[in-house]
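What follows is the residue order along each chain.
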Amino acid sequence: MRLSVIGCGYLGAVHSAAMASIGHEVIGIDVDARKIASLSAGEAPFFEPGLPEILSEGIASGNLRFTTDMAEAKGAKVHFIGVGTPQQADGYAADLTYVNAAVDALLPYLNPGDIVAGKSTVPVGTAAELAPRIEAAGATLVWNPEFLREGWAVQDTIDPDRLVVGVASRPSTGSGIDDGSDASTSSATDPAEVLREVYHPAIAKGTPFIVTDLATAELVKVSANAFLATKISFINAMAEIAEVTGADVTQLADAIGHDVRIGRRFLGAGIGFGGGCLPKDIRAFSARAEELGRGESVSFLREIDAINLRRRERAVHLVVSAFDDGVVGKKVTVLGAAFKPHSDDIRDSPALDVAVRLKGLGAEVTVTDPEALENARRQHPQLNYVDDRDEALRGADAVVVVTEWDEYRRQLSPEHAASLVAGTIVVDGRNCLDASAWRAAGWTYYGMGRP
Ligand code: UDX
């Protein structure tokens, strides 16, 4: 099928390449000429495992092209909107400037019968507001939220754990799960059927395909992220209690995680969540709920946010209090800058926040990261950056692990690290090190919510 993808950031670039890899003919469109040049050359403008491979394959096959010219969207059957919805500069709400601009720019090139599929994370009600403009062009709007995780984005796009398509004025099916049994009765122009065709390979493998109304589809995305953020902040709240009682939050997480109703995933206590999604999505959700007069329904999200931000402070406090005479002038090496491993994304990175706070308190901070240094350097030029991990560790008075890359978690032996540093203080901001091995190698180990 001919597809266009508007917005070629973390979401759109991966979506374009992934759709080409399953056999569609894809045009990726973005206003950023540098990004388009890089993608057209088969180079991913950001670090995402597996993306360079499917980009080159798609370009070589002729199935995948990138352009800054919106006119090239003309002729595609489905137009995916994958532009960013960042937090507004002066508030918690989502900034919909890019979504509106993308739709406005696309309108002149829509053919009657086309489908516009919103993938961006938007406040509930956005699709209903956009729909009349798209319908006036004879096209149909659906909302098809994206659940990809950075670092696993290619896999999550080609092989998602569920597909959700919100359509206008279609009642949801009884169970909410559209299992395809009504395919023979649906018309060829049913937009959900067209999306089903787009995602055929995943659906054939059994991926649930859930058809909802527009509002539900929008809400599925924000509520999923709100739930994940809540899970992380829940365990971080338990870490705070553990800290005053001498309990160990990692054992607690293991123990409660064995209950299948709870599950162990996303119970990793540490310096908390960051990135381009969870923080801004819970804030936008609060803002939208307030607008809807239902602020109290999600007022707990304010607390989730507050717990999350407190954990960064806690990591900083552990470093500062590890020294009898404070942190001023101390050499602190920060292992990690990305908001999580397998990513070079530093948007709202708790790792960099910890580094910046330590610098603000007078420490001499050196940051290293396998992938995110270039981005970090650009955003925080005041910090000292060293590419080589061992070079970064040399002479440090304290080490702080803030992104659980394998390079630090598995591949750095505590004995080797001890041979490089000046002081054997380690703060494990992700509870990712083997505390007993580090202690055995002579380190004073501090975890998050661990004795
Ligand atoms: C998230 C959602 O997982 C994804 O479904 C959605 O589409 C976009 O937002 P992503 O931002 O890529 O994806 O990262 P995710 O893997 O969810 O991690 C978010 C943050 O939570 C990271 O900073 C991570 O370090 C932190 N985290 C995660 C924890 O602190 N503890 C955990 O147990 C898990």
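Residues numbered from 1 in each chain as written. Predicted model: local features only at pLDDT ≥ 70, side-chain atom pairs only at ≥ 80, totals over all residues. Heavy atoms only, no water.

## As for the layout of surface pockets
Once rolled over the atoms, a probe with the size of a water molecule shows which space is left empty.
Right, on to step 1. The computed volume of the second largest pocket comes to approximately 200 Å³.
Right, on to step 2. What lines the second largest pocket is a set of 16 residues, and nearest its centre among them are L96, P123, T126, E129 and E291.
Right, on to step 3. Mapped by element, the contributors of at least two residues to the lining of the second largest pocket are α5 (126-136) and α11 (278-291).
Right, on to step 4. Each residue belonging to the lining of the second largest pocket can be placed in one class, and the counts come to eight nonpolar, four polar and four charged.
Right, on to step 5. Lining the lining of the second largest pocket are residues from two domains, each supplying at least three of them: domain 1 (2-207) and domain 2 (228-446). (1 Å grid on protein atoms, 1.4 Å probe; cavity = no way out; pocket = protein on both sides within 12 Å on 5 of 7 lines; lining within 4 Å. Points joined across faces, edges and corners; volume = space filled by probe spheres on them. Helix = DSSP H or I, 4+ residues; strand = E, 2+ residues; numbered from the N terminus. Nonpolar A, V, L, I, M, F, W, Y, C, P; charged D, E, K, R; others polar. Domains from an automatic or database assignment.)

## Focus on the domain arrangement of the chain
Many structure descriptions define interface size as the accessible area lost when the parts assemble.
Right, on to step 1. The domains assigned to the chain are domain 1 (2-207) and domain 2 (228-446).
Right, on to step 2. One C-alpha centre belongs to domain 1, the other to domain 2; they are set 33 Å apart.
Right, on to step 3. Contacts between the two partners involve 18 residues from domain 1 and, on the opposite side, 19 residues from domain 2.
Right, on to step 4. Approximately 1,600 Å² of surface area, both sides summed, lies buried where domain 1 meets domain 2, with 54% of it carried by carbon and sulfur atoms.
Right, on to step 5. In terms of surface lost to domain 2, no three residues of domain 1 exceed F47, Y92 and E150, which account for 42% of the buried area on that side. (Contact = heavy atoms within 4.5 Å. Buried area = accessible area lost by both parts, 1.4 Å probe.)

## Focus on the nonpolar core
Right, on to step 1. L358 and V367 are the most contacted members of the largest nonpolar core, which has 50 residues in total.
Right, on to step 2. With 39 residues, the next largest nonpolar core counts A18, I115, V142 and V165 among its residues. (Core = buried A, V, L, I, M, F, W, Y, C linked by side-chain atoms within 4.5 Å. Buried < 20%, exposed > 50% of the residue type's maximum accessible area, 1.4 Å probe, protein only.)

## As for the sheet that holds strand β7 (residues 163-167)
Right, on to step 1. If you trace the eight strands from one edge of the open sheet to the other, you get β3-β2-β1-β4-β5-β6-β7-β8, paired in mixed fashion. Looking at the sheet topology across the chains shown, the edges are occupied by β3 (64-67) and β8 (209-213). Between one strand axis and the next, the sheet turns by 25 degrees as a mean value, whatever way the strands run.
Right, on to step 2. Pairing analysis gives four bridges linking strand β1 (residues 2-6) to strand β4 (residues 78-81), with the strands arranged parallel. Counted as the bridge partner of L3 is V78 from β4.
Right, on to step 3. Contacting β6 (140-143), β7 and β8, helix α9 (residues 214-245) crosses the sheet at an angle of about 120 degrees to β8. (Pairing = 2+ DSSP bridges. Axes fitted to C-alpha atoms, helices over the stretch in contact; angles between N-to-C directions.)

## Thoughts on empty space enclosed by the protein
Right, on to step 1. Evaluation of the coordinates by the stated rule reveals one cavity of 30 Å³ or more.
Right, on to step 2. Estimated volume of the largest cavity: approximately 80 Å³.
Right, on to step 3. Contributing to the lining of the largest cavity are T85, A94, T121, V122, P123, V124, V222, K280, D281, A284, F285 and R288.
Right, on to step 4. With five residues, α11 is the largest single contributor of residues to the lining of the largest cavity.
Right, on to step 5. Built from parts of two domains, the lining of the largest cavity gets at least three residues from each of domain 1 (2-207) and domain 2 (228-446).

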